[in-house]
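So you can see what is in the structure, the chains are spelled out below.
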Amino acid sequence: MWMARKFPAVPFERYVDDAVVHCRSERQARMVAQAIGERMGQVGLRLHPDKTRIVYCQDGTRRGSHEQVAFTYLGFTFRARGMRTRHGKVFTGFGPAISKDALKKVSAEVRSWRLHQHTGWTFGELARWINPIVRGWMQYYGAFYRSELYPLLKRINGYLVRWLRKKYKRLRTFKKAHEAWGRVTVQYPMWFAHWKWVTGHWREG
């Protein structure tokens, strides 16, 4: 409410105690940051000295330079990235993709599943277990630059190939398991949620 009264022309987003304020110039950004800091002081709070900073949203059209040219918010890192127009023209824009910390967190969760050790389960049971989780990641982090999730999804497939090799003796060799994998992904392309995007895999272990 204070922002709407004090800076009605300055858009911003807030989630709990994290906020991003969009300014048109560095001068305006410094002025707004100072005002927000003073406002926080009036209510017994203060801006985080390490997390609060001015970021230059540099893209292919903005000139000049700044010490800070990227920021992370709600699991996404915003920075200069290659983009395409609807007509296929490539340009440099400023946009979000899953952050390194968020990717590290979900990768650790995937490792903790130890999928290849659940040989007493069926493929369908594995799918029912992980599909809601993976689908949630795809819907959230895949909203922007979903290709950044592809290595993670390939790693999940790698664990599933290991599962095949451990569960079925006839598929112990990687070649036979790889051939079986190809047949399954073609016959049942919607079995796992992430197969909609990625059916390839990395060789695990």
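Just above, that's the structure.
Conventions and cut-offs
- Residues numbered from 1 in each chain as written.
- Predicted model: local features only at pLDDT ≥ 70, side-chain atom pairs only at ≥ 80, totals over all residues.
- Heavy atoms only, no water.
- 1 Å grid on protein atoms, 1.4 Å probe; cavity = no way out; pocket = protein on both sides within 12 Å on 5 of 7 lines; lining within 4 Å.
- Points joined across faces, edges and corners; volume = space filled by probe spheres on them.
- Helix = DSSP H or I, 4+ residues; strand = E, 2+ residues; numbered from the N terminus.
- Nonpolar A, V, L, I, M, F, W, Y, C, P; charged D, E, K, R; others polar.
- Core = buried A, V, L, I, M, F, W, Y, C linked by side-chain atoms within 4.5 Å.
- Buried < 20%, exposed > 50% of the residue type's maximum accessible area, 1.4 Å probe, protein only.
- Contact = heavy atoms within 4.5 Å.
- Pairing = 2+ DSSP bridges.

Caption draft 1: Molecular detail of the layout of surface pockets. There is about 1,700 Å³ of room inside the largest pocket. Taken together, 44 residues make up the lining of the largest pocket; nearest its centre are Ala19, Val20, Val21, Thr52 and Arg53. For the lining of the largest pocket, the secondary-structure elements that each account for two or more residues are helix H1 (2-6), strand S1 (12-15), strand S2 (18-21), helix H2 (26-42) and strand S3 (71-73). Looking at the lining of the largest pocket element by element, the count peaks at seven residues for H2. The class makeup of the residues in the lining of the largest pocket is 26 nonpolar, seven polar and 11 charged. In this model, the second largest pocket occupies a volume close to 180 Å³. As for the second largest pocket, its lining consists of Thr122, Phe123, Trp163, Leu164, Lys167, Tyr168, Arg170, Leu171, Ala180, Arg183, Val184 and Trp191. Breaking the lining of the second largest pocket down by element, the ones donating at least two residues are helix H5 (150-167) and helix H6 (174-187). Tallied by class, residues from the lining of the second largest pocket come to eight nonpolar, one polar and three charged.

Caption draft 2: Structural view of the nonpolar core. Formed by 34 residues in total, the largest nonpolar core has its most connected members in Phe123 and Ile156. The set of elements that each furnish at least two residues to this core consists of helix H3 (100-113), helix H4 (123-141), H5 and H6. Sequence-distant contacts of Ile156, that is, excluding residues within four places in its chain, are made with Val110, Trp113, Leu115, Ile130, Val134 and His194. Counting residues in hydrophobic clusters, the runner-up holds seven residues, among them Trp2, Met3, Phe7 and Ile36.

Caption draft 3: Spotlight on the pairing of strand S5 (residues 90-98). For strand S4 (residues 76-84) and S5, the ladder comprises nine bridges, and the chain directions are antiparallel. Following the sheet pairing, Phe78 is matched in S5 by Pro96. The hairpin formed by S4 and S5 contains five residues between the paired strands, and Gly88 there has a positive phi angle of roughly 90°.

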